[in-house]
Structures are given as C-alpha cells and as structure tokens.
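Residue-level structural notes
What follows is each chain in one-letter form.
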Amino acid sequence: MKSNQRSYLLILGLHVLLAFLIYAVPFLSKIYGFLIPLLGTILILNSKNKNNEVLLIASYVVGTEVFLRMTGGNVVHELAKYEVIFFFILGMLYSGVSKNAIIYLFFIILLLPGIYIGANALGYEVDVRKAILFNILGEVALFVSALYCFNRKVTLVQIEYIIKALALPLVSMVVYLFLYTPSIRDVVTGTQSNFATSGGFGPNQVSTILGLGMFCFFALLIMFSKSKLVFFIHLALLLMTSFRGIVTFSRGGVLTAIAMMVVLIFILYWFANTKAKNLIIVLTISSLIIGGFVWTYSVLQTGGMIENRYANKDARGREKTDKLGGREEIANTELIMFLENPVWGIGVGKNKEYREQMTGIESASHNEITRLLAEHGVFGILAFLILLLTPLIFYLDNKQHIFLLSFFVFWLLTINHAAMRIAAPAFIYALTLLKVSFTDENSIHREPTL
C-alpha cells in the first residue's frame, strides 16, 4: 500500500474517531472549532501558500460548518464565512489575484446601495448590524472567494485534494448522526423536515451539506479510488451519507446532489473515448441500482413516510397544496417587494420586517435570487447576472474543469432553497472559476499538504 494511501486512510479513521469523541464529550467540539483556524493560519504562514493551501483549508472549513453548528463548536454562528473570508484574503496577500477578477468588484459595488438603504430603513427594534450581516455576509464570502479563485491555475490532482478536504469532516458528521439517532423508526412520525434525524439541527442545512457530501463521495468513488479498499470505503461513505441525507426529510440537498451527479456523468461521457464510455455506462447503471437500494432501505426505515414526503403528501398520504414548505409564499412576497421598489429595492435586511408587516409571516428568505431582487432592485438583477453568466462564459475556455458545471448546479439550486445560510454555496461557486488542467503546466508534480 502506498504511503499517501495509508495517510489518507489514517486521516479518515481519525475523523471517525473524532465523531465518537465529540458525541461522548461535547465540549471537544469547541476545541475542534478553535484548532481549525489556528492550524490553518499556521499552515498558510509556513507554506506561504505556494501550493494553494488556502483552497484546502477553506474547503475543510466549509465541510465542518454544519457539524460544528450542530455540536456547538462555533462560538459565532457565521464563523465559517468569516474564516473563509480571512483565509482567502491571507492567500491573496501571498499569491495575488487575476486582473480579470475585476468583474466581481462590479458585483460587490452593485450591492452597496442596498446596504445603505437597509441601514437607514430598518426599524428601531431591529439590530441593524446583525440584520445586514445576516443577509449580505454570504455575498461578501462569495466575492472574496471569487477574487482568489478567478483564473487561478490548478491541476486535477489539486481538485481531488480539495474534494477530499471538504469530505473529511463530513465523515465525522455522518458518523455523529448515526450515534445521535441510531434508530430512525423511533423518531419519524410524519413527513415534515425532521430535526431528530438531523442531529438536532436545521434539516435544510444538514440536507444541503450532506447532499454536497454525496457528490464528493460519488466523485471520489468513480474518479479517485486508486485501490479496491479505497473504492469500497468511498462506496460505504456514499451509501451512509445518502441515507442520512434522505432521512432528514429535507429534499433540497438530496435532489441537488442527484443533479450534480447526473451533470458529472454527462460531462465524463461527452469527453470519454469509446472504452471509457462503456465503463461510464456500467457505473451509471450500478449507481442507479445502489440508489434504488438506499431509497428502498430509507422507505422501510421510515415506514413509508419518506415516500410520501418526496411525493408531496402528508403522513396519511393526502396531497399537500403547498409544494415547497411555505417557500413559495415567501418568494412571492419578495417579488411583490421588488415590483413596488424596482430600482433601489427595499434595502438589505428589510425583507423579513417588511414581510411580517405584509403577511404576518416572520421568516427569513430561503431564496437568494428573489432576496436580491427585493432588497437590491435592478442592481440585484445585474449582480445576479454577473454571478450567473461569468462561470458559463469562463467554461468555454476551461473544458478541462470537469467539475465546473456540477459545482455551478450546486450553487444555483442551493441558493433557490437554502439561500446562502451556510458558506458552502459561496465557496463552491468560487471553485467554478479555477483554471484546471489535467497536469501541471510546468511539469512539476506538487501535491497539496493533506
């Protein structure tokens, strides 16, 4: 067994152990949360970011965010976004940015009027700083991440390590979920999103990050499993993550993962030779069989409730009139806000307060697109178009980035059902802007530290 494979298996094992330790001694989660930015900073300072170590560290931070929130390890709720911003700024100090990344300066400038309006329009009973930060911090994290990643040259090997860095803490999270709720049957009583099966945390965010984990383990399984042992480990992790994602009863993350996998298979098939295409067909059929097994097991474990959930039925099998868990009404109110204030918008952070006055519904936005329209008006439309079109145009000259479209799909679908509540959409979006080649252009094989 090669030494790098032994190291990888050892790190996987340590993350399994970490889940047991945090479950047994919850305070260890705070220590874990403290060590990540500390050790990450030391690594970047020592390496001077010569091999883009900041990408690995930011990826690991994104992978830990929901797990740390779930276990009380983050002293500040939005800490992961702050860490991503900090690490990418530190990386830029060492490695600079592309001059063509100026397009994202226009993106952030377009959001400034909405911030100013929000700061002056929010009611006295509202904490203005928190209200604005809650709604704009995701965009700031995306802006800084995009500045660093835009046209930055990396190899496919480095992409592999980025995916592994993201997936490792998800191993801990999945194991922790099995420890937290070993029996699904005992806690499933209906078809609503289930906090008990989600580690006691928000099912939507848990489903989102588990869906991303499903894609990571799927990619590792079909592309980066260098031995039979690693292949079966990745397969087991894919099965476990898929099951736990399904039984959160929050559909967004799982459906997003499936869409990402379909896109990746299509891209691989499109560029493969005849022999590889036959292998991809076999892998696709195998994936469908495995997916069917996981789904059947989930149906059995939930007493058929999960089947009703995905069919948009209640526990008694009756069709629900509300297909998106109340998100349609929230999005509709934001469209009304936009139509009433089409130029400047109502201001950052104002939509929750405005919606409560309008409908009595006290809820933050779940859809980043309609939120941009409501709070930023026409400037929000222009900002969104920059985000939407730039990676697609960039892809025309970046065909070796085989993950670009899958990452893009994750960002686009996630901001439609979970806004930017976690750092993952901002970070994954930025990964679409990396300039990927299959080999190092300088013929120097340098693997990231992991």
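Criteria and cut-off values
- Residues numbered from 1 in each chain as written.
- Predicted model: local features only at pLDDT ≥ 70, side-chain atom pairs only at ≥ 80, totals over all residues.
- Heavy atoms only, no water.
- Core = buried A, V, L, I, M, F, W, Y, C linked by side-chain atoms within 4.5 Å.
- Buried < 20%, exposed > 50% of the residue type's maximum accessible area, 1.4 Å probe, protein only.
- Helix = DSSP H or I, 4+ residues; strand = E, 2+ residues; numbered from the N terminus.
- Contact = heavy atoms within 4.5 Å.
- Polar contact = N/O pair within 3.5 Å; in protein donor to acceptor, adjacent residues only side chain to side chain.
- Salt bridge = Lys/Arg side-chain N within 4 Å of Asp/Glu carboxyl O.
- Expected span 1.5 Å × (residues − 1).
- Axes fitted to C-alpha atoms, helices over the stretch in contact; angles between N-to-C directions.
- Parallel < 35°, antiparallel > 145°, perpendicular 65-115°, else oblique.
- Left-handed = near helix turned anticlockwise from the far one by under 90°.
- Nonpolar A, V, L, I, M, F, W, Y, C, P; charged D, E, K, R; others polar.
- pLDDT = per-residue confidence, 0-100.
- Phe/Tyr/Trp six-rings, centres within 6.5 Å; stacked < 30°, edge-to-face > 60°.
- Lys NZ or Arg CZ within 6 Å of the ring centre and 35° of its normal.

1. Observations concerning the nonpolar core
Formed by 133 residues in total, the largest nonpolar core has its most connected members in Phe88, Tyr104, Phe107, Met173 and Phe403. For this core, the leading source of residues is helix α7 (residues 156-180), giving 16 residues. Residues within four places of methionine 173 in sequence aside, it is in contact with Val66, Phe67, Met70, Val206, Ile209 and Leu210.

2. Overview of the environment of serine 172
In this fold, serine 172 is placed in helix α7. Residue classification places serine 172 among the buried residues on the basis of a relative accessible area of 0%. A distance of 2.6 Å separates a polar atom in the side chain of serine 172 from the backbone oxygen of histidine 15.

3. Notes on helix α18 (residues 424-431)
Burial of α18 is extensive: eight of the eight residues sit out of reach of the surface. Restricting attention to buried positions, one finds in α18 the residues Ala424, Pro425, Ala426, Phe427, Ile428, Tyr429, Ala430 and Leu431.

4. Here's the deal with the environment of isoleucine 162
When you line up the elements, isoleucine 162 lands in helix α7. Under the relative-accessibility criterion, isoleucine 162 is labelled buried at 4%. Sequence-wise, isoleucine 162 and glutamate 53 are 109 residues apart; in three dimensions their C-alpha atoms are separated by 9.4 Å. With residues near it in sequence (within four places) discarded, isoleucine 162 still touches Leu55, Leu56, Ser59, Phe427, Leu431 and Leu434.

5. What to know about the pattern of salt bridges
Here the structure, examined in full by the defined rule, presents ten salt bridges. Across the salt bridge formed by glutamate 65 and arginine 69, the nearest N and O atoms sit 2.8 Å from each other. In this pair, glutamate 65 and arginine 69 both sit in helix α3 (residues 53-71), four residues apart, roughly one turn of the helix. With a shortest N-O distance of 3.4 Å, glutamate 78 and arginine 69 are connected by a salt bridge. For the pair formed by glutamate 78 and arginine 69, the shared burial category is buried. Among the charged side chains, a network of salt bridges with common partners joins Glu65, Arg69, Glu78 and Lys81.

6. Concerning the side chain of serine 242
Here serine 242 shows up in helix α9 (residues 228-246). Looking at serine 242, the relative accessible area reads 8%, which means it is buried. Those residues within four positions of serine 242 in sequence are excluded, and the remaining contacts are Met214 and Val294.

7. Focus on helix α2 (residues 28-47)
An ideal rise of 1.5 Å per residue puts 28 Å on 20 residues; α2 measures up with 28 Å between its terminal C-alpha atoms. Listing the buried residues of α2 in full gives Ser29, Tyr32, Gly33, Ile36, Gly40, Thr41, Ile44 and Ser47. The inward-facing, buried residues of α2 contact α1 (3-24), α3, α4 (79-95) and α7. Within two residues after α2, lysine 48 carries a phi angle of roughly 55°, on the positive side.

8. Some thoughts on the packing of helix α13 (residues 327-340) against helix α15 (residues 368-376)
Remark: α13 packs on α15, axes separated minimally by 7 Å, with the N-to-C direction vectors making an angle of 30°. On the basis of their axis angle, the class for α13 and α15 is roughly parallel. Seen from above, α13 lies across α15 with left-handed handedness. Contacts between α13 and α15 pair Ala331, Glu334, Leu335, Met337 and Phe338 from the former with Thr370, Arg371, Leu373 and Ala374 from the latter. Grouping the constituent residues of the contact of α13 with α15 by class yields six nonpolar, one polar and two charged.

9. Here's the deal with the packing of α1 against α7
Between α1 and α7, whose axes approach to 8 Å, the crossing angle comes to 40°. Seen along the crossing, α1 lies across α7 with a hand that is right-handed. From α1, Tyr8, Ile11, Leu12, His15, Val16, Leu18, Ala19, Phe20, Ile22 and Tyr23 reach across to α7, where they touch Lys164, Leu168, Pro169, Val171, Ser172, Val175, Tyr176, Leu179 and Tyr180. Of the residues in the contact of α1 with α7, the class split is 16 nonpolar, two polar and one charged.

10. Overview of the confidence of the model for the chain
For residues with low pLDDT, the predicted coordinates do not support detailed interpretation. Across the chain, the average pLDDT comes to 90, with 94% of residues at or above 70. The secondary-structure element of the chain with the lowest mean pLDDT is helix α14 (residues 350-359), recorded at 78, while α18 shows the highest, at 98. This stretch, residues 442-450, has a pLDDT under 50; its non-local contacts, to residues over four places away or in other chains, come to 18 contacts.

11. A closer look at the packing of aromatic side chains
Aromatic rings considered in pairs are described by the distance between their centres and by the relative angle of their planes. Per the counting criterion, the structure on display carries 23 aromatic pairs. Cluster of aromatic residues (ring-pair linked, three or more members): Tyr104, Phe150, Phe384, Phe394, Phe408, Trp411 and Tyr429. Sitting above the plane of the tyrosine 8 ring, lysine 164 keeps its charged end 4.2 Å from the centroid. Between lysine 399 and the ring centre of tyrosine 395, over which it is positioned, the NZ or CZ distance is 5.7 Å.

12. Notes on unusual backbone geometry
Within the chain, lysine 48 stands out as a residue other than glycine whose phi angle is a positive 55°. Not every positive phi belongs to a glycine, and asparagine 312 is a case in point at roughly 60°. For asparagine 312, the location among the structural elements is in the loop between α12 (305-310) and α13.

13. Observations regarding the side chain of asparagine 398
Counting through the fold element by element, asparagine 398 comes out in the loop between α16 (378-395) and α17 (404-417). When near neighbours in sequence (up to four residues on either side) are disregarded, asparagine 398 contacts Leu404, Thr432, Leu434, Lys435 and Val436.

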